[in-house]
Amino acid sequence: MRMIDDVLRLSASDLMRFKGCRHATTLDLRLMEIGDLRPRRDGAEAELLQRQGDEHELAFLARLKAEGRIVVEIPKDGIPLEESVRLTHAAMAEGPDVIFQGALLEGAWGGYTDFLERVERPSALGAWSYEVADTKLKRKPDPKHVLQLCLYSDLLATVQGVAPEAAHLELGSGERFTVRLAEVSAYARYARRMMQEFLAARPETRPEPVSACTLCRWSEACAERWDRENSLSLVAGISRSQRQKLEAAGVVTMGALAVREQRVPKMAVETQRRLVTQARLQTARRAGSPPSFELRDAEPGKGFGILPAPDDGDIFYDIEGDPYYPGGLGYLHGLWYREAGEWVFRAFWAHTREEEGRAVADLLAFFVEHMSRHPSARIYHYANYEIAALRRLTAEHRTGEAAMDQLQRERRFVDLFKVVAGAMIA
């Protein structure tokens, strides 16, 4: 979001940020117009993602050139967007196979596409036209990427006089995802219209915890405000709808929730009790008390009720993955168990995709052999990631699937997160 010669310029990134969190857009406006806030600098994770995204883009460009495609590259560093747009229009009129970093602009909306690919479909340009292709590191398409493709495709339609039929994502998995624009463009235009109406009306917003917080440049500013206001957003495990019910009942801070005794309308009694306890424990912690917990009421099949009897053959298991390795990599399976009465640690390492498959095969072979010697033993892990990762890895590498099915049928895996979450509030 930029103001150039008193004209507001909006990009696909601005739209995606708006769809993820309207308060982030409010802060973007404040930065642009007042400048009294400063976003946090990109951390190492964001920089790594950017670098790997650039590498993925350049690898696809190299592949296109290796295939013999005629590629025109549009410069963008050090020159105004309008000049890049002029060069892009000129390149489109010449009809090369691919235009790299093509720039598009109409009204407030503009930006740089990764690739424009020629298709043999007549347009105002001639016997050809173009479709948008963007590179994304993710292994699966994200709805916000579709919004970006639709924006660029609409801008492209204005230039070539015909709407593209499709747009494409080159994913980090090496697969291509194609969007049929007729199925999604109406919603994308509605999203852009909603953002422009928001910018015109300037409604008041406030920070709400959302999935976009993880990499948002305003996350520190929002966290500081939550802390300053003793916000309900600080209460662990609380949902947005629960916060809304509490606020409607006049409970607007974590401290107020901590001492709430009166019934909150439309909220289950057990839910209210859990949230009040949670807020009370956290309020005491903020006041300097040591960390504490309270046990939940015992229920069959929940909390400690799902914890099996201990066995000398029990294994404690964890897996570490690298989400930034191309396609992701499960690089370490770690086990802690008894061998001849002594606790030992065993690791199954992987540094390549081939080693990843070999590691999961060896791991499951060990599990099966170990369980045959310890019929009552269990494999303890924390949260569902280990099971989901093993299911994915065995399917991807086509190894150990029968062993995994057998272990699950025998209920060998015990999720300690379910035990802890069902047994206590902390």
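About the cut-offs
Residues numbered from 1 in each chain as written. Predicted model: local features only at pLDDT ≥ 70, side-chain atom pairs only at ≥ 80, totals over all residues. Heavy atoms only, no water. Pairing = 2+ DSSP bridges. Helix = DSSP H or I, 4+ residues; strand = E, 2+ residues; numbered from the N terminus. Axes fitted to C-alpha atoms, helices over the stretch in contact; angles between N-to-C directions. Contact = heavy atoms within 4.5 Å. Polar contact = N/O pair within 3.5 Å; in protein donor to acceptor, adjacent residues only side chain to side chain. Disulfide = S-S within 2.5 Å. Buried < 20%, exposed > 50% of the residue type's maximum accessible area, 1.4 Å probe, protein only. Patch = residues over 30% accessible without salt bridge, like charges linked within 9 Å, V, L, I, M, F, W, Y side chains within 5 Å. Areas by Shrake-Rupley, 256 points an atom, 1.4 Å probe, with all protein chains shown as cover. Salt bridge = Lys/Arg side-chain N within 4 Å of Asp/Glu carboxyl O. Parallel < 35°, antiparallel > 145°, perpendicular 65-115°, else oblique. Left-handed = near helix turned anticlockwise from the far one by under 90°. Nonpolar A, V, L, I, M, F, W, Y, C, P; charged D, E, K, R; others polar.

**What to know about the sheet that holds strand β7 (residues 115-119)**
Within a beta sheet, neighbouring strands are joined by backbone hydrogen bonds and run either parallel or antiparallel to one another. Taken in spatial order, the six strands make up an open sheet running β3-β4-β7-β8-β9-β10, and their pairing is mixed. Each edge of the open sheet carries a strand with a single partner, namely β3 (71-73) and β10 (176-180). Each strand of the sheet is rotated relative to its neighbour by a mean of 25 degrees, with strand direction disregarded. Looking at chain direction, strand β4 (residues 98-100) and β7 are connected through three bridges and run antiparallel.

**Topic: the sheet that holds strand β15 (residues 379-381)**
If you trace the five strands from one edge of the open sheet to the other, you get β14-β13-β12-β15-β16, paired in mixed fashion. Whereas interior strands pair on both sides, the edge strands pair on one side only; in this sheet they are β14 (342-349) and β16 (413-415). With strand direction ignored, the average angle separating the axes of adjacent strands in the sheet is 25 degrees. Set on the sheet, helix α11 (residues 353-373) makes contact with β12 (315-322), β13 (329-339), β14, β15 and β16; between it and β13 the angle comes to about 20 degrees.

**Let's talk about the environment of Ser 173**
Along the chain, the position of Ser 173 falls in the loop between β9 (166-170) and β10. Between the C-alpha atom of Ser 173 and that of Lys 140, which follows or precedes it by 33 residues, the distance is 8.1 Å. Contacts of Ser 173, omitting those with residues within four sequence positions, involve Lys 138 and Arg 139. At 3.2 Å, the side chain of Ser 173 forms a polar contact with the side chain of Glu 175.

**Let's talk about the state of the cysteines**
Disulfides are covalent bonds that link the sulfur atoms of two cysteine residues. Taken as a whole, this structure holds zero disulfides when the rule is applied. Unpaired in this structure, Cys 213 has its nearest cysteine sulfur neighbour in Cys 21, at a distance of 6.2 Å. Look at Cys 213 and you get partly exposed, because its relative accessible area is 26%.

**Things to note about a nonpolar patch on the surface**
The grouping of Phe 293, Leu 295, Phe 304 and Leu 307 at the surface amounts to a nonpolar patch, some 400 Å² of accessible area in total. Considering the arrangement of structural elements, one finds Leu 307 in the loop between β11 (294-295) and β12.

**Brief notes about the environment of Ala 423**
Within the secondary structure, Ala 423 sits in helix α14 (residues 416-423). C-alpha separation for the pair Ala 423 and Gly 303, spaced 120 residues apart in sequence, amounts to 4.0 Å. Excluding its chain neighbours within four sequence positions, the residues that come into contact with Ala 423 are Glu 294, Leu 295, Arg 296, Gly 303 and Phe 304.

**Some remarks on the packing of α11 against helix α13 (residues 401-409)**
Think of two packed helices as two axes; the pair is described by the angle between the axes and how far apart they sit. Running from amino to carboxyl end, α11 crosses α13 at an angle of 45 degrees, the nearest separation of the two axes being 9 Å. One finds that α11 runs oblique with respect to α13. Here α11 runs over α13; the crossing is left-handed. Within the contact between the two elements, α11 uses Leu 364, Phe 367, Val 368 and Met 371 and α13 uses Ala 403, Met 404 and Leu 407. In terms of residue class, the contact of α11 with α13 is built from seven nonpolar, no polar and no charged.

**Looking at the pairing of β14**
For β13 and β14, the ladder comprises eight bridges, and the chain directions are antiparallel. Looking at the pairing, Arg 338 lines up with Trp 343 of β14.

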